[in-house]
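One-letter residues, chain by chain:
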Amino acid sequence: MDLTRLSAYELADALDKREVSAVEVTQAHLDRMTAVDPKVHAFLHRTDAAALAQATSVDERRASGAALSRLAGVPIAVKDNLAMRGEPTTCGSRILEGWRPPYDATVVARLRARDLVIVGKTNMDEFAMGSSTEHSAYGQTRNPWDLDRIPGGSGGGSAAAVASFQAPLAIGSDTGGSIRQPAAVTGTVGVKPTYGGVSRYGLVALASSLDQVGPVARSVLDTALLHEAIAGHDPRDSTSINAPVPDVVGAATRADVRGLRIGIVTQLSGDGYQAGVSQRFAEALEHLQHLGAEIVEVSCPSFEYALGAYYLILPSEASSNLARFDGMRFGLRAGDNGDNSVEQVMSLTREAGFGAEVKRRIILGTYALSSGYYDAYYGQAQKVRTLIVRDFAAAFEQVDVLVSPTAPTTAFRLGEKLDDPIAMYLNDVATIPVNLAGIGSMSLPAGLAPEDGLPVGFQIMAPPMADDRLYLVGAALEAALRDQWGHLLIEEAPAL
Ligand code: GLN
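Calculation notes
- Residues numbered from 1 in each chain as written.
- Predicted model: local features only at pLDDT ≥ 70, side-chain atom pairs only at ≥ 80, totals over all residues.
- Heavy atoms only, no water.
- Helix = DSSP H or I, 4+ residues; strand = E, 2+ residues; numbered from the N terminus.
- Rg over C-alpha atoms; globule rule 2.2 N^0.38 Å.
- Buried < 20%, exposed > 50% of the residue type's maximum accessible area, 1.4 Å probe, protein only.
- Contact = heavy atoms within 4.5 Å.
- Areas by Shrake-Rupley, 256 points an atom, 1.4 Å probe, with all protein chains shown as cover.
- Lys, Arg positive; Asp, Glu negative; His and termini not counted.
- Charge placed at Lys NZ, Arg CZ, Asp CG, Glu CD.
- Salt bridge = Lys/Arg side-chain N within 4 Å of Asp/Glu carboxyl O.
- Pairing = 2+ DSSP bridges.
- Right-handed = clockwise from strand over helix to strand, strands pointing away.
- Expected span 1.5 Å × (residues − 1).
- Arc of directions from axis to C-beta.
- Phe/Tyr/Trp six-rings, centres within 6.5 Å; stacked < 30°, edge-to-face > 60°.
- Lys NZ or Arg CZ within 6 Å of the ring centre and 35° of its normal.
- Core = buried A, V, L, I, M, F, W, Y, C linked by side-chain atoms within 4.5 Å.
- Patch = residues over 30% accessible without salt bridge, like charges linked within 9 Å, V, L, I, M, F, W, Y side chains within 5 Å.
- Near = heavy atom within 4 Å.
- Polar contact = N/O pair within 3.5 Å; in protein donor to acceptor, adjacent residues only side chain to side chain.
- Nonpolar A, V, L, I, M, F, W, Y, C, P; charged D, E, K, R; others polar.
- Axes fitted to C-alpha atoms, helices over the stretch in contact; angles between N-to-C directions.
- Parallel < 35°, antiparallel > 145°, perpendicular 65-115°, else oblique.
- Left-handed = near helix turned anticlockwise from the far one by under 90°.

**Q** Help me out: how do you make sense of the overall build of the protein chain in this one?
**A** In terms of helices and strands, the protein chain carries 16 helices and 11 strands. Its C-alpha atoms give the protein chain a radius of gyration of 21 Å, within 12% of the compact-globule value 23 Å for 496 residues. For the protein chain, the spread of C-alpha atoms along the principal axes amounts to about 65 × 55 × 45 Å. Residues counted as buried form 61% of the 496 residues belonging to the protein chain. A separation of at least 24 residues holds for 77% of the contacts in the protein chain among residues at least 6 apart in sequence. Taken as a whole, the protein chain presents about 17,800 Å² of accessible surface, with 51% of it coming from carbon and sulfur. Across the protein chain, 42 positive and 58 negative side-chain charges occur, with their mean positions spaced 4 Å apart.

**Q** What is the right way to read the pattern of salt bridges from this model?
**A** Enumeration over the complete set of coordinates arrives at 21 salt bridges. In this structure, the salt-bridge partner of D2 is R5, at a minimum N-O distance of 3.8 Å. By relative accessible area, D2 is classed as partly exposed at 40%. The exposure class assigned to R5 is buried, which follows from its relative accessible area of 17%.

**Q** Honestly, the pairing of strand β8 (residues 294-298) in this entry has me stumped. Any pointers?
**A** The two faces of the sheet receive side chains in turn, since in a regular strand these alternate between them. Where strand β7 (residues 261-265) meets β8, 5 bridges bridge the pair, whose relative direction is parallel. Of the residues in β8, the one forming a bridge with I262 is I295. Traced from β7 through helix α9 (residues 275-290) to β8, the parallel crossover comes out right-handed.

**Q** What's the story with helix α11 (residues 342-353) in this structure? I'm lost.
**A** The α-helix advances 3.6 residues per turn, and as a result positions three or four apart in sequence lie on the same side. For α11, spanning 12 residues, the distance from its first C-alpha to its last is 16 Å, which sits close to the expected 16 Å at 1.5 Å a residue. Along α11, the positions that sit buried rather than exposed are V345, T349 and G353. The buried residues of α11 occupy one face: seen down the axis, they fall within an arc of 45 degrees. In α11, the exposed residues that point more than 90 degrees away from the buried face are E343 and E351.

**Q** I would appreciate a short explanation of unusual backbone geometry in the present structure.
**A** Trans is the prevailing form of peptide bonds, just as negative phi is the prevailing case for residues other than glycine. The omega torsion of the bond from G153 to S154 falls at 5 degrees, within 30 degrees of zero and hence cis. Position of S154 relative to the elements: it lies in the loop between β3 (117-122) and α5 (156-163).

**Q** Could you clarify how one ought to interpret the packing of aromatic side chains in this entry?
**A** Working definition: an aromatic ring pair is given by the centre-to-centre distance plus the angle between the planes. Taken as a whole and assessed by the stated rule, the structure comprises 14 aromatic pairs. With centroids separated by 5.6 Å and ring planes inclined at 55 degrees, the aromatic side chains of F325 and F330 adopt a geometry described as tilted. On the basis of relative accessibility, which here comes to 5%, the residue F325 falls in the buried class. Judged by its relative accessible area of 24%, F330 falls in the partly exposed class. Each ring, one from Y374 and one from Y378, has its centre 5.2 Å from the other, and the planes form 50 degrees; the classification is tilted. Owing to a relative accessible area of 38%, Y374 belongs among the partly exposed residues under this scheme. Over the aromatic face of F412 sits the side chain of K417, whose NZ or CZ is 4.4 Å from the ring centroid.

**Q** I'm lost on the nonpolar core in this one. Help?
**A** Soluble globular proteins: nonpolar side chains tend toward being buried together. One finds L111, I171, F458 and Y471 to be the most contacted residues of the largest nonpolar core, which totals 96 residues. A total of 9 residues in this core trace back to one element, the largest contributor, which is helix α16 (residues 467-485). Counting residues in each nonpolar core, the second largest holds 50 residues, with M129, I150, A381 and V399 among its members.

**Q** How should I be thinking about a nonpolar patch on the surface in this particular structure?
**A** Together, Y367, Y373 and Y377 give the surface a local cluster of nonpolar side chains, amounting to about 280 Å² of exposed area. Exposure remark for Y377: the relative accessible area of 32% places this residue in the partly exposed category.

**Q** Help me understand the site of the ligand, please; the structure alone is not making it clear to me.
**A** In the vicinity of the ligand lie 16 residues, with T175, G176, S178, Y310 and D428 positioned nearest. Y311 is positioned with one of its side-chain polar atoms (N or O) 3.3 Å from an oxygen atom of the ligand. Relative to its unbound accessible area of 290 Å², the ligand is 100% covered by the protein chains. Across the shell around the ligand, the residue classes break down as 6 nonpolar, 7 polar and 3 charged.

**Q** What am I meant to see in the packing of helix α7 (residues 220-230) against α16 here?
**A** The axes of two packed helices give the description: the angle between them and the distance between them. Orientation of α7 relative to α16, taken along the N-to-C sense of each, is 160 degrees, at an axis distance of 9 Å. Considering the angle they form, α7 stands roughly antiparallel to α16. Crossing of α7 against α16: the hand is left-handed. Judged by residue contacts, V220, T223, A224 and H227 of α7 engage D467, Y471, G474, A475 and E478 from α16. Here the residues of the contact of α7 with α16 are counted per class, giving 4 nonpolar, 3 polar and 2 charged.

**Q** Just to check I follow, could you spell out the environment of S21 for this structure?
**A** As for its placement among the helices and strands, S21 is situated in the loop between α1 (8-16) and α2 (22-40). Each C-alpha atom of the pair S21 and A252 lies 27 Å from the other, and the pair is 231 residues apart in sequence.

**Q** Just to check I follow, could you spell out helix α12 (residues 356-369) for this structure?
**A** Helix length check: α12 (14 residues) gives 20 Å between terminal C-alpha atoms against 20 Å at 1.5 Å per residue, within 8%. When α12 is considered as a whole, its buried residues turn out to be E357, V358, R361, G365 and A368. End-on, the buried residues of α12 take up no more than an arc of 100 degrees, which puts them together on one face. Residues of α12 that are exposed and point over 90 degrees away from its buried face: A356 and I363. The elements touched by buried residues of α12 are α10 (306-321), α13 (375-398) and α14 (421-425).

Shown next, in the form of structure tokens:
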């Protein structure tokens, strides 16, 4: 039995029954990393020794009859923008090279407390800015379905690690789509929880009002199990919601859409979407209808301005958040030769440490926030944000969930959009409204596009704090698609 082919649920079951040990499960995944990651480059850093030590401890405690959490002994990969005590945390940037955080992010602490086995830190676009992982300062990640294509971004490393069976589970972060779009283009499942549903403490901030940590896996149930393990109130995050976590695992198990009203967002389909993406989206809707859901169309007119508003709000917040990387506190310091002033050292450090996309957004955000332009840009964008929140609220008066394709196209080729920032930004046209409104959303595979044989993502959006509905609908659709596309989950991704 190849342990890397099992789901987290199956692994947890086999571990519980003592059919396998956590050390065997961990070693199998570390071996898989050694075999395939030279091609994929999903990982920036491996934590073999710590992982095997944790697995050994799980096995010992299980043998002594101790009560263990459900996912104890299951391997997981963590995006490199989450602080992990004593391990490199680079955010894909040179400016953080050599920095080892003295503390764990709350999500990392929860994974450890539940005895998941962290096998490494995954590659990402620098400071989570991008849709292809090509903006990493440490080299691109490749899509396991086709090594000449992008794995999505910014969380391409987490998605590619899961898609190439290097880990059954991964953690991502989603500011404008960085969990969902990589999931879509790699044939995996990714969820951006409701804003405040999962702690941001120890997540290196990109745009604080948009950022949310969430789960990545190969099945809806696995995603729910991980969601449940990381969610819940954290007094260290002032925006964390102090309310019970929605029953995501129960919903993933029920998988029932009878009587649900599902709304197609008019503005998030049609023109500009690849034919095969639209085709698989339409087929998925037919399945949901056969399962007893009612499908209606809903218009959200302000979504037309979502991308424009996002690319003012995100750079504004990012320019403020990234001001802390000044060469004094973390990682890289350049030009500290005794002659240069403090300002010169800061400037030389940022010049050497930040890549082009990060500089572009800092300049844009600083401009949008400057006096005289604030009202015209940042202020206007915030008004648009309010309109988008209202569009969602009005839509959810009519329907239980909204749906769209996750991304307009399947995975594009490496290099194809690297020199065209607007073309890169347009990948997130369908995922960004969700972040602006703070609601929860899932991407799950809807099959392969006929024209290129690459995975297509189906997006589900639910009202705030109703993340369980994502799993109810996602699991039902996944089950309906299993006969036709279930082999996606167990066969070798064709490129490896
Ligand atoms: N691709 C989007 C961006 O570049 C989303 C990033 C994210 O979600 N972290 O901003």
